[in-house]
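Structural description and commentary
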Amino acid sequence: SSVQHCGESHIIDGDFLMVGGAKGHIIERMDGFLLQLYNAFTWKMIPNCTGRYTCKNHKIVSVMEPIEMLHQSGITAAKMFSFSS
């Protein structure tokens, strides 16, 4: 299926999301832990930077350590290490 989000077309199919592609930019595939992080917070497109986002939850996430953002996204060290094996 296809959805419109932040002015860009996204194609969702199962466990991945396609972003970008507007104004001649390449389409990028988002999956795995990056998609999990993307789904955990609210994002907005950076104007004139197709496929690039900033977190709308800035007041919350700006004070978090990166490991806390991962934890809030349901990404644990155990998951990361089992993925890389």
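1. Structural notes on the overall build of the protein
The number of helices and strands found in the protein is four helices and six strands. When the helices and strands of the protein are read in sequence order from the N terminus, they spell out β-β-β-β-α-β-β-α-α-α. A total of 85 residues make up the protein; the buried ones form 26% of that total. Restricting the contact set of the protein to residue pairs at least 6 apart, pairs at least 24 apart contribute 36%. Surface exposure of the protein reaches about 6,000 Å², of which carbon and sulfur atoms provide 59%.

2. With respect to the confidence of the model for the protein
Detailed reading of predicted coordinates is not advised where the pLDDT is low. Residues with a pLDDT of 70 or more make up 73% of the protein, whose mean pLDDT is 76. Here strand β1 (residues 2-5) stands out as the element of the protein with the lowest mean pLDDT, 42, in contrast to helix α3 (residues 66-72), whose mean of 90 is the highest. Contacts from residues 1-7, a stretch scored under 50 in pLDDT, to residues over four places away or in other chains number 18 contacts.

3. A word on the pattern of salt bridges
Within the structure shown, the criterion is met by one salt bridge. A salt bridge links Asp-31 to Arg-29; the shortest N-O distance between them is 3.0 Å.

4. A look at the side chain of Ser-73
Looking at the secondary structure, you find Ser-73 in the loop between α3 and α4 (77-84). Of the polar contacts made by the side chain of Ser-73, one reaches the backbone oxygen of Met-69; its length is 2.8 Å. Those residues in contact with Ser-73 that sit more than four places away from it in its chain are Gln-36, Leu-37, Ala-40 and Phe-41.

5. Digging into the packing of aromatic side chains
Considering all chains together, one arrives at two aromatic pairs under this definition. On the basis of an interplanar angle of 5° and a centroid distance of 6.4 Å, the ring pair of Tyr-38 and Trp-43 is categorised as stacked. In this pair, the class of Tyr-38 matches that of Trp-43, namely buried. Taking 5.8 Å as the distance between ring centres and 75° as the angle between the ring planes, the aromatic pair formed by Tyr-38 and Tyr-53 counts as edge-to-face. Residue Tyr-38 is found in helix α1 (residues 32-40), and its partner Tyr-53 is found in strand β6 (residues 53-55); the two are separated by 15 residues along the sequence. Take Tyr-53: its relative accessible area is 16%, and that puts it in the buried class. An aromatic cluster of three or more residues is present, and its members are Tyr-38, Trp-43 and Tyr-53.

Criteria and thresholds
Residues numbered from 1 in each chain as written. Predicted model: local features only at pLDDT ≥ 70, side-chain atom pairs only at ≥ 80, totals over all residues. Heavy atoms only, no water. Helix = DSSP H or I, 4+ residues; strand = E, 2+ residues; numbered from the N terminus. Buried < 20%, exposed > 50% of the residue type's maximum accessible area, 1.4 Å probe, protein only. Contact = heavy atoms within 4.5 Å. Areas by Shrake-Rupley, 256 points an atom, 1.4 Å probe, with all protein chains shown as cover. pLDDT = per-residue confidence, 0-100. Salt bridge = Lys/Arg side-chain N within 4 Å of Asp/Glu carboxyl O. Polar contact = N/O pair within 3.5 Å; in protein donor to acceptor, adjacent residues only side chain to side chain. Phe/Tyr/Trp six-rings, centres within 6.5 Å; stacked < 30°, edge-to-face > 60°.

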